[in-house]
Amino acid sequence: MEDRPVRNMEEFAAFCGVSRPTVSKYFHDPESVRPATRAKIEQALEESNYRPNIFAVNQNRKLTKNIGIVLPYLADPFFAEIARRIETLVIAQGFRPILLSSHGDPQLEVGNLDALRAIKPAAVLLAPLGRASDRAALESFCADVPTVNFDANIEGIGEAFVGHNNEQATDKMVEYLTRTGEPPVFFEMRTPPNPNANKRRLAYIGAMERLGFAPQVVQAHGEGWALEEIGYNEGRRVIMERAFSSNTIFCSNDRLAIGFLAAAYELGLRVGREADCALRVAGHDNHPVARFTCPTLTTISHDYARIATKSVETMMALIESGERGDTRQVTLFDGELIMRASA
């Protein structure tokens, strides 16, 4: 047996001299077997380098029809909209969605995963906090539960990632703004809660340099998810301080842009594409109210429908196969430029 790899649980049971049911019991819960037996199995694991197919183990545990959906902040309109679409698709597949919000708290994110682990979900759709996440805790969870990661890509987390192509989308907006007016300044939060903010800043800098322009990043003070309020308060401040080298402002997300529009209006600055306008303002995400702002907000859209559909399709394929893939699948959907009155 030592001369060839141990391929399955039956061969591993024979290798370590323990019954197949006892080995299965150990993999479900190591504390459920006697200490001497546990030590024997763990020694055999080291010698054989055998690792069970966790997905197959889960399939044998008669899992519930529950699907976990974990989001960073449910009150954010983007996450609320994509959660609505995912829930609808999950229900159509005959499963019960369990929707949990981490409220921007890394400890709560881990707590949500622990709560899901306890009810043995068939799979989980996870939009992690990103930089703030406890990577070790996420890795441990994803090793036990079939998980599809969406929105924020943490390398190595989950069997697959489905999300928005932030580099393509940001590049597209920068190209449009430089082609139609002054090169844009990038307006973002100094400590952003949304996990894709850093990707967008780096993409902005890269796009500006490729086009031969000097990038300028202006950062707003403030923390948390009250993005419109931060955009308004900090928008007033930076406008009054004349912190911008351009009359074109590209906000990291639409919620900041909405607050910035309010600040510009209050300070008597007209925003738009007309010759008598003082500023052009653009955002990113196509927030559900972006087409109702005054002026209506030029932005880059997320493909909500395709991201939700692909996430659920990938998850269902994992559940049905019961097997771990050879490579982690990454799917990115391009953003679409939405030209409105603000820029």
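As the structure is a computational prediction, the values presented were derived from the model and not from experiment. (Residues numbered from 1 in each chain as written. Predicted model: local features only at pLDDT ≥ 70, side-chain atom pairs only at ≥ 80, totals over all residues. Heavy atoms only, no water.)

Novice: Got a minute to help me understand the overall build of the protein chain in this structure?
Specialist: Helix and strand counts for the protein chain come out as twelve helices and twelve strands. Reported as C-alpha extents along the three principal axes, the dimensions of the protein chain are approximately 85 × 40 × 30 Å. Taken over 343 residues, the protein chain has a buried fraction of 52%. Looking at the protein chain alone, contacts between residues at least 24 apart form 71% of all its contacts between residues at least 6 apart. Working note: accessible area of the protein chain is about 15800 Å², and carbon and sulfur atoms make up 50% of it. Across the protein chain, the mean location of the 38 positive side-chain charges is 3 Å away from that of the 44 negative side-chain charges. (Helix = DSSP H or I, 4+ residues; strand = E, 2+ residues; numbered from the N terminus. Buried < 20%, exposed > 50% of the residue type's maximum accessible area, 1.4 Å probe, protein only. Contact = heavy atoms within 4.5 Å. Areas by Shrake-Rupley, 256 points an atom, 1.4 Å probe, with all protein chains shown as cover. Lys, Arg positive; Asp, Glu negative; His and termini not counted. Charge placed at Lys NZ, Arg CZ, Asp CG, Glu CD.)

Novice: Sorry if this is basic, but what is going on with the packing of helix H1 (residues 9-16) against helix H3 (residues 35-48) here?
Specialist: A pair of packed helices is characterised by two quantities: the angle between their axes and the separation of those axes. Where H1 contacts H3, the axes come no closer than 10 Å and their chain directions differ by 110°. On the basis of their axis angle, the class for H1 and H3 is roughly perpendicular. For the pair H1 and H3, the crossing hand works out as right-handed. Along the contact surface, H1 presents Phe 12, Phe 15 and Cys 16, while H3 presents Lys 40, Ile 41, Ala 44, Leu 45, Glu 47 and Ser 48. The residue inventory of the contact of H1 with H3, partitioned by class, reads six nonpolar, one polar and two charged. (Axes fitted to C-alpha atoms, helices over the stretch in contact; angles between N-to-C directions. Parallel < 35°, antiparallel > 145°, perpendicular 65-115°, else oblique. Left-handed = near helix turned anticlockwise from the far one by under 90°. Nonpolar A, V, L, I, M, F, W, Y, C, P; charged D, E, K, R; others polar.)

Novice: What's the story with helix H8 (residues 166-180) in this structure? I'm lost.
Specialist: For an α-helix, 3.6 residues make a turn, and residues three or four places apart therefore share a direction. For H8, built from 15 residues, the straight-helix expectation of 21 Å at 1.5 Å per residue is met to within 8% by its first-to-last C-alpha distance of 21 Å. Where H8 is buried, its residues touch strand S5 (160-164), helix H9 (197-210), strand S8 (248-251), strand S9 (280-282), strand S10 (299-301) and strand S12 (336-338). (Expected span 1.5 Å × (residues − 1).)

Novice: Looking at this model, I keep getting lost on the pairing of strand S2 (residues 96-101). Mind explaining?
Specialist: Regular strands place side chains that alternate from one sheet face to the opposite one. With six bridges joining them, strand S1 (residues 66-71) and S2 adopt parallel strand pairing. Paired with Asn 66 across the strands is Arg 96, a residue of S2. Following the chain from S1 across helix H5 (residues 77-92) to the adjacent parallel S2, one finds a crossover that is right-handed. (Pairing = 2+ DSSP bridges. Right-handed = clockwise from strand over helix to strand, strands pointing away.)

Novice: Explanation requested: the sheet that holds strand S7 (residues 217-220) in the structure shown.
Specialist: Two strands in a sheet stick together by hydrogen bonds in their backbones, pointing the same way (parallel) or opposite ways (antiparallel). Within the open sheet, the four strands sit side by side as S7-S6-S8-S9. Their pairing is parallel. The sheet terminates laterally at S7 and S9, the two strands that pair on one side only. Averaged over all adjacent pairs, the angle separating strand axes in this sheet is 25°, with direction ignored. In this fold H9 packs onto strand S6 (185-189), S7 and S8, with an angle of close to 165° to the strand it touches most, S6. Of the strands in this sheet, S6 and S7 touch helix H10 (residues 227-240), which is tilted by about 130° from S6.

Novice: I keep staring at the pairing of S5 and nothing clicks. Help me out?
Specialist: Judged by how many residues are buried, S5 sits mostly within the fold: five of five residues are covered. The sheet contact formed by strand S4 (residues 147-150) and S5 spans three bridges and is parallel. For Asn 149, the partnering residue across the bridge sits in S5 and is Phe 161. As paired elements, S5 and strand S11 (residues 329-333) share five bridges and run parallel to each other. For Gly 163, the partnering residue across the bridge sits in S11 and is Leu 332.

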